[in-house]
Amino acid sequence: MNAPTISRRQFTLFTTTTLAASYLPLSALAEQTQAAGKTLKLAGGSPIPILGMGTARLATGRHPIEQEETALKSGLQLGMGLIDTAEIYSNGISEQMVGRVISGRRHKAFVVSKIAPRNATSENAIRHACQRSLQHLSIDSMDLYLLHWRAGEDLQVVVKTFEALKTEGKIRHWGVSNFSVSDMQALFTVKDGKNCAVNQVRYSLADRSIDSN
């Protein structure tokens, strides 16, 4: 089967900027309220916040975790509705932190987590990783579950399992992260691969590497 032709930006539906919320004063967060609360629609019509918070550099011991949690709670209160985490961030401690932050505020949070390729080698491994993340987050269903990056795993197995998890209500949407155009073309040749909701990529003033992918 010929790989479909897509442009460099065609499947970059949103980019979550890694925002270490604890490093920003509330006055800086308040300046974002004009965009806070706004959404865009995924391919299926579901809304996703356009402004969110990343946790890659949180729960690492750089700052008291209570301060970081307070910053994330403040962000939610100000309308920054998306929180992005991953199972590899601080070896699951980041997910646990997010779970505490969204406790009692689940309706305000669009929760994104990611599975590492090393845990995406079989259906059982993917299911185990997903359930572990759900337990860390103390929720029954994730809004978006991503394959963190491409590392030689069988995309057919990944897509099939993600689709099953979606049908079972464990995740609402699935997608990928850090995929190049060629990676996306390979994904689109897989059965149900076009059900991928997003490709989350690094894109900021400091990192424009996606321009050359």
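You'll find the structure just up there.
Residues numbered from 1 in each chain as written. Predicted model: local features only at pLDDT ≥ 70, side-chain atom pairs only at ≥ 80, totals over all residues. Heavy atoms only, no water.

**A look at the sheet that holds strand β7 (residues 174-177)**
Heads up, the condition is: A pair of strands is treated as paired once DSSP finds two or more bridges between them. Secondary structure elements are defined from DSSP: runs of H or I of at least 4 residues count as helices, runs of E of at least 2 residues count as strands, and each element is numbered from the N terminus. Pairs of residues are marked as contacts when any of their non-hydrogen atoms sit within 4.5 Å. Here, axes are lines fitted to C-alpha atoms. For helices the fit covers the stretch in contact, and angles between N-to-C directions go from 0 to 180 degrees.
A sheet is described by the order of its strands in space; here six strands give the open sequence β3-β4-β5-β6-β7-β8, paired in parallel fashion. Every other strand in the sheet has two partners, leaving β3 (52-54) and β8 (199-200) as the edge strands with one partner each. The pairing of β3 with strand β4 (residues 82-84) spans three bridges and is parallel. In the strand pairing of β4, Met53 is matched with Ile83. Relative to the sheet, helix α5 (residues 155-167) contacts β5 (110-115), β6 (144-147) and β7, its axis offset from that of β6 by approximately 170°.

**Some details on the nonpolar core**
Applied cut-off: Definition used in this section: a nonpolar core is a set of buried Ala, Val, Leu, Ile, Met, Phe, Trp, Tyr and Cys residues joined via side-chain atoms within 4.5 Å. Three labels apply to residues, based on accessible area from a 1.4 Å probe with only protein chains included: buried if under 20% of the type maximum, exposed if over 50%, partly exposed otherwise in between.
Counting 39 residues, the largest nonpolar core has Ile102, Ile115, Met142, Tyr145, Leu147, Phe162 and Leu187 as the members making the most contacts within it. Breaking this core down by element, the ones donating at least two residues are α2 (65-77), α3 (93-102), β5, α4 (123-137), β6, α5, β7 and α6 (181-188). Tyr145 has contacts with Ser113, Lys114, Ile115, Ile126, Ala129, Cys130, Phe162, Leu165, Ile171, His173, Trp174 and Gly175, leaving out every residue within four places of it along the chain. Grouped together as the second largest cluster of nonpolar side chains are nine residues, Leu42, Phe110, Leu144 and Val198 included.

**Here we look at the environment of Phe110**
For Phe110, the position within the fold is in strand β5. Residue class for Phe110 comes out buried when judged on its relative accessible area of 6%. With 29 residues separating them along the chain, Phe110 and Gly81 place their C-alpha atoms 5.9 Å apart. The residues touching Phe110, leaving out its near neighbours within four places in the chain, are Pro47, Ile48, Pro49, Gly81, Leu82, Ile83, Asp143, Leu144 and Arg172.

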